[in-house]
Amino acid sequence: GRLMLGAVALARKGHFRKDLPRYKYQYEKRWKGISPGTWRFALKQHADIFAQCLANVGALAVPGALILHGSSDEEKDGAMGLVEASALVLWLCSFSFEHVSDMQKAAFVQKRKKDPN
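Below, the structure is looked at part by part. Starting from 1, residues in each chain are numbered consecutively following that chain's sequence as written. Local features in this predicted model are restricted to residues whose pLDDT is 70 or higher, and side-chain atom pairs enter the listing and the counts only when it is 80 or higher, whereas totals over whole chains, interfaces and linings include all residues. The basis for every side-chain value is the complete set of non-hydrogen atoms in the structure, without hydrogens or water.

## Here's the deal with the overall build of the protein
- Helix numbers and strand numbers start at the N terminus; a helix is a DSSP run of H or I with at least 4 residues, a strand a run of E with at least 2. For the protein, the count of helices and strands is four helices and zero strands.
- When the helices and strands of the protein are listed from N to C terminus, the series reads α-α-α-α.
- When accessible area is computed with a 1.4 Å probe and restricted to protein chains, residues below 20% of their type maximum are described as buried, those above 50% as exposed, and intermediate ones as partly exposed. Here the protein holds 117 residues, and the buried ones make up 12% of them.
- Within the protein, contacts between residues separated by at least 24 positions form 41% of all contacts whose residues are at least 6 apart in sequence.
- Residue-level accessible areas treat just the shown protein chains as cover; the underlying method is Shrake-Rupley with a 1.4 Å probe. When the accessible surface of the protein is totalled, it reaches about 9500 Å², and 64% of it is carbon and sulfur. Here, residues are in contact when the closest pair of their heavy atoms is within 4.5 Å.

This is how it looks when you write it as structure tokens:
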């Protein structure tokens, strides 16, 4: 939800007509020496996208699925079991870590804009 709303707001402002700052960082640091448009460049991009996908699925979606599924068939009264509570705590921690990393990345990008060295 939060990412989707942010993406829609950025798209309306025209921010997706050029590369996002995180990709510029990728070009400068992680993909240095790899020419855009080559198969190696595309492979690196797809590897990073896949890694981000796995991180999101593992850390954010699995706890939600565990909560929806329930830990056993015996718990029909709606009470949250240990597995569900653990999944919820894991999800909250993951969401918090993701938010903090987003804020750190934004601060880094702002710092790079002011002083590119």
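Continuing now.
## Observations regarding helix α4 (residues 82-114)
- A rise of 1.5 Å per residue sets the reference length of α4, with its 33 residues, at 48 Å; its end C-alpha atoms lie 48 Å apart and thus fit the reference within 8%.
- Buried residues of α4: Glu84, Ala87, Ser94 and Val109, and no others. Expected span of a helix, by definition, is 1.5 Å for each gap between consecutive residues, and there is one gap fewer than residues.

## Focus on a nonpolar patch on the surface
- The patches reported here contain residues having more than 30% relative accessible area and no salt bridge. Joining distances are 9 Å for like charges and 5 Å for nonpolar side chains (Val, Leu, Ile, Met, Phe, Trp, Tyr). A side-chain nitrogen of Lys or Arg and a carboxyl oxygen of Asp or Glu constitute a salt bridge if their distance falls within 4 Å. Together, Met4, Leu5 and Val8 make up an exposed nonpolar region whose accessible area comes to about 300 Å².
- Relative to the elements of secondary structure, Leu5 occurs in helix α1 (residues 2-13).

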